[in-house]
Amino acid sequence: MTKVSVLIAGAGPSGAVAAYRLAQMGIDVILLESQPQCPEDMRASTFHPPTLDMMQELGLLETLEAQALRAPVYQYRNRVTGEVLSLDMGEIADVARHPYRLQCEQFKLTRLIAEKLADHPHGSILFQRRLTHYEQDDQGVSVWVETPTGVERYRCDYLIGADGANSLVRKLMGVEFSGFTYPEKFLTLSTTYPVHEAFNDLAYVAYMADPKEWCVLIRVSEFWRVLVPALETEDDKVLVGDAKKTAVFEGLVGDSEVTTSHRTVYRVHQRVANSYRQGRVILMGDSAHLNNPLGGFGMNSGVHDAWNLSEKLQAILQDRADPDTELDRYERQRRTVMQEFVQAQTMRNKRSLEAGAEAAQGEAQAQLAAVIADPDKRRDYILNQSMIKSREREASIA
Ligand SMILES: Cc1cc2nc3c(=O)[nH]c(=O)nc-3n(C[C@H](O)[C@H](O)[C@H](O)COP(=O)(O)OP(=O)(O)OC[C@H]3O[C@@H](n4cnc5c(N)ncnc54)[C@H](O)[C@@H]3O)c2cc1C
């Protein structure tokens, strides 16, 4: 049986950041990942300013920046009226050390951390290790892990479930995942086609209202990524087929010959676990909460959970702080921010795009235009969307 202070199930962005930060703090940690390597999927690609501060503190920012694009400006565009509302994060440079979004796929972060953990004195990452069961008592947690050749046993002081949306840890805890699943699905397509040439002054992040089909355009270093909604009743095989791809790009850039590198269909949820912890077993990231991707808050929230939780575990394991006090505070701070800010804001962001689609001069777009025209409201809006306010709110919760 292998003994360790902290065992983490899942090497997505949340688990990876928690593992690396704990290891840097001198706490022995093992990160288990069920896949043979950190999955290269087309999900998160936006790092917000507070997350960039964290990357800098971990010494990872320079390497990530070298593989990424800075996006200080994001846009809300109406394809019918041609109206373009731009927000420049340079306006919050007085409070943000990194006043831009970094456009960088999440697997670049997880793979970088996996490399760092490979020869770290306090941390390690083990692939093809799937947590299947745990049992906890007053002294610690016993964990069963499936490998390609058998079953391994671990014993840890604390177990973190960072095992994503279908978290087995959450299910074993018996915790309800309250919320709802949207009826529509989201289709994402990535292409090396120069999408920006079809638009005037297109920012690297653009939310496009359209009466036929709203969409989001996101630039990462190698691709443009296009996100469009799809009906629940549409077959996933049809959605990732050539006919759909051609229809999307004909409508967007007027070219039916666009080739794609990835096509993926996602279900979208708004859910928060009723509890983030049971004794020595703690949830974070997508295992604890899910939201729609409009705003780019999912991965960032998971990293912020990891940041908060690693500090609480450091206080418990190195400074003998009271575990219940610390871990209850983690749950209070992170769950409150998730409910008050991330859930509310992502639902508002989706409604705003849809409202813009219903009427060219939709009420939501008019409201946004009014916010952008007012310097104080605009600043407030940018501070909210860049997650600076949610970090302030988190710190204000005792
Ligand atoms: C289309 C789309 C676009 C998005 N864009 C953004 C964005 O721009 N910005 C943003 O912040 N967020 C975005 N998100 C959300 C973001 O991708 C997720 O919030 C993020 O991946 C959550 O990280 P995580 O580490 O909590 O979970 P995951 O990334 O899901 O990682 C969980 C890991 O656990 C492993 N695992 C599962 N079960 C076990 C087990 N039993 N034992 C061991 N390992 C296990 C999995 O293999 C996986 O590697 C987007 C999501 C989608 C669908």
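Note that the structure is a prediction, hence the values are computed from the model and not measured.

Caption draft 1: Layout of the nonpolar core. Ile8, Met55, Val143 and Leu313 are the most contacted members of the largest nonpolar core, which totals 77 residues. Look past the residues within four positions of Leu313 in its chain and what remains in contact with it is Val6, Leu22, Ile27, Tyr158, Ile160, Ile282, Gln318 and Leu327. The next biggest cluster of nonpolar side chains, apart from the first, holds 25 residues, and it includes Trp214, Leu294, Leu353 and Ile388.

Caption draft 2: Looking closely at the packing of aromatic side chains. Tallied over the full model, the rule gives seven aromatic pairs. On the numbers, 5.6 Å between centres and 80° between planes, the contact of Phe186 with Trp214 is edge-to-face. Pair noted here: Phe186 is in strand 12 (residues 177-191) and Trp214 is in the loop between strand 13 (205-209) and strand 14 (215-219), with a separation of 28 residues, a long-range link. Of the two residues examined, Phe186 and Trp214, each falls in the buried class. Arranged with centres 6.1 Å apart and planes meeting at 50°, the rings of Tyr276 and Tyr330 form a pair that is tilted. Highlighted residues: Tyr276 in the loop between strand 16 (262-273) and strand 17 (277-278) and Tyr330 in helix 9 (residues 323-358), separated in sequence by 54 residues. Grouping residues by exposure puts Tyr276 and Tyr330 together as buried. Members of the aromatic cluster, each reached through a chain of ring pairs, are Tyr74, Tyr76, Tyr207 and Tyr381. Arg21 extends its terminal NZ or CZ atom over the ring of Trp307, reaching a point 3.6 Å from the ring centre. The cationic tip of Arg280 hangs over the ring face of Tyr158; the distance from NZ or CZ to the ring centre is 5.2 Å.

Caption draft 3: Region of interest: empty space enclosed by the protein. Tallying each qualifying case throughout the model produces one cavity of 30 Å³ or more. Roughly 30 Å³ of volume is contained in the largest cavity. Taken together, Tyr76, Ala209, Ser352, Leu353, Gln365 and Leu368 form the lining of the largest cavity.

Caption draft 4: Inspection of the sheet that holds strand 3 (residues 46-47) at higher detail. Reading across from one edge, 3-7-4 is the order of the three strands in this open sheet, with antiparallel pairing throughout. Among the strands making up the open sheet, the edge pair consists of strand 3 and strand 4 (69-71).

Caption draft 5: Spotlight on helix 10 (residues 363-373). Every buried residue belonging to helix 10 is among Ala364, Gln365, Leu368 and Ile372, and all of these are buried. What you see down the axis of helix 10 is that its buried residues fit within an arc of 95°, all on one side. Across from the buried face of helix 10, at angles greater than 90 degrees, the exposed residues are Glu363 and Ala373.

Caption draft 6: Main features of the pattern of salt bridges. As enumerated under the stated definition, the model contains 26 salt bridges in all. Across the pair Asp286 and Arg43 runs a salt bridge, and its minimum N-O distance is 3.8 Å. Within this pair, whereas Asp286 is found in the loop between strand 18 (281-283) and strand 19 (289-290), its partner Arg43 is found in the loop between strand 2 (29-32) and strand 3, the two being separated by 243 residues in sequence. Notably, a salt bridge pairs Arg379 with Asp94, separated by 2.9 Å at the nearest N-O pair. Taken together, the residues Arg379 in helix 11 (residues 375-385) and Asp94 in the loop between strand 6 (84-88) and strand 7 (101-103) connect sequence positions 285 residues apart. What makes Asp94 exposed here is its relative accessible area of 57%. Each of Asp305, Arg334, Arg391 and Glu394 takes part in salt bridges that share partners, so that together they form one network.

Caption draft 7: Broad picture of the packing of helix 2 (residues 49-57) against helix 8 (residues 298-319). At a minimum axis distance of 10 Å, the contact between helix 2 and helix 8 shows a crossing angle of 50°. Here helix 8 runs oblique to helix 2, going by the angle between their axes. Between helix 2 and helix 8 lies a crossing whose hand is left-handed. Within the contact between the two elements, helix 2 uses Pro50, Thr51, Met54, Met55 and Glu57 and helix 8 uses Asn300, Val303, His304 and Trp307. A class-by-class count of the residues in the contact of helix 2 with helix 8 yields five nonpolar, three polar and one charged.

Caption draft 8: Here's a closer look at the layout of surface pockets. Reported here for the second largest pocket is a volume of approximately 360 Å³. Elements that contribute at least two residues to the lining of the second largest pocket include exactly helix 9, helix 10 and helix 11. With six residues, the top contributor of residues to the lining of the second largest pocket is helix 9. When grouped by side-chain class, the residues that make up the lining of the second largest pocket number eight nonpolar, seven polar and four charged.

Caption draft 9: Expanded view of the packing of helix 10 against helix 11. Here helix 10 crosses helix 11 at 110°, and the two axes come no closer than 5 Å. The angle between helix 10 and helix 11 places the two elements in the roughly perpendicular class. Packed against helix 10, whose contacting residues are Leu368, Val371, Ile372 and Ala373, the element helix 11 presents Pro375, Lys377, Arg378 and Tyr381 at the interface. Among the residues forming the contact of helix 10 with helix 11, the class breakdown is six nonpolar, no polar and two charged.

Caption draft 10: Just the site of the ligand, in detail. Residues in contact with the ligand amount to 31 residues; listed here are only the nearest, Ser14, Glu33, Gln106, Asp286 and Met299. With respect to the ligand, the backbone of Pro13 contributes an N or O atom lying 3.2 Å from an oxygen atom. Asn300 is positioned such that a nitrogen or oxygen atom in its side chain is 2.9 Å from an oxygen atom of the ligand. Burial of the ligand by the protein amounts to 89% of the accessible area it has alone, namely 1,000 Å². Here the shell around the ligand gets three residues from one element, more than from any other, and that element is helix 8. Its residues assigned to classes, the shell around the ligand comprises 11 nonpolar, 14 polar and six charged.

Definitions and cut-offs
Residues numbered from 1 in each chain as written. Predicted model: local features only at pLDDT ≥ 70, side-chain atom pairs only at ≥ 80, totals over all residues. Heavy atoms only, no water. Core = buried A, V, L, I, M, F, W, Y, C linked by side-chain atoms within 4.5 Å. Buried < 20%, exposed > 50% of the residue type's maximum accessible area, 1.4 Å probe, protein only. Contact = heavy atoms within 4.5 Å. Phe/Tyr/Trp six-rings, centres within 6.5 Å; stacked < 30°, edge-to-face > 60°. Helix = DSSP H or I, 4+ residues; strand = E, 2+ residues; numbered from the N terminus. Lys NZ or Arg CZ within 6 Å of the ring centre and 35° of its normal. 1 Å grid on protein atoms, 1.4 Å probe; cavity = no way out; pocket = protein on both sides within 12 Å on 5 of 7 lines; lining within 4 Å. Points joined across faces, edges and corners; volume = space filled by probe spheres on them. Pairing = 2+ DSSP bridges. Arc of directions from axis to C-beta. Salt bridge = Lys/Arg side-chain N within 4 Å of Asp/Glu carboxyl O. Axes fitted to C-alpha atoms, helices over the stretch in contact; angles between N-to-C directions. Parallel < 35°, antiparallel > 145°, perpendicular 65-115°, else oblique. Left-handed = near helix turned anticlockwise from the far one by under 90°. Nonpolar A, V, L, I, M, F, W, Y, C, P; charged D, E, K, R; others polar. Near = heavy atom within 4 Å. Polar contact = N/O pair within 3.5 Å; in protein donor to acceptor, adjacent residues only side chain to side chain. Areas by Shrake-Rupley, 256 points an atom, 1.4 Å probe, with all protein chains shown as cover.

Read these as spatial facts, not as claims about activity.
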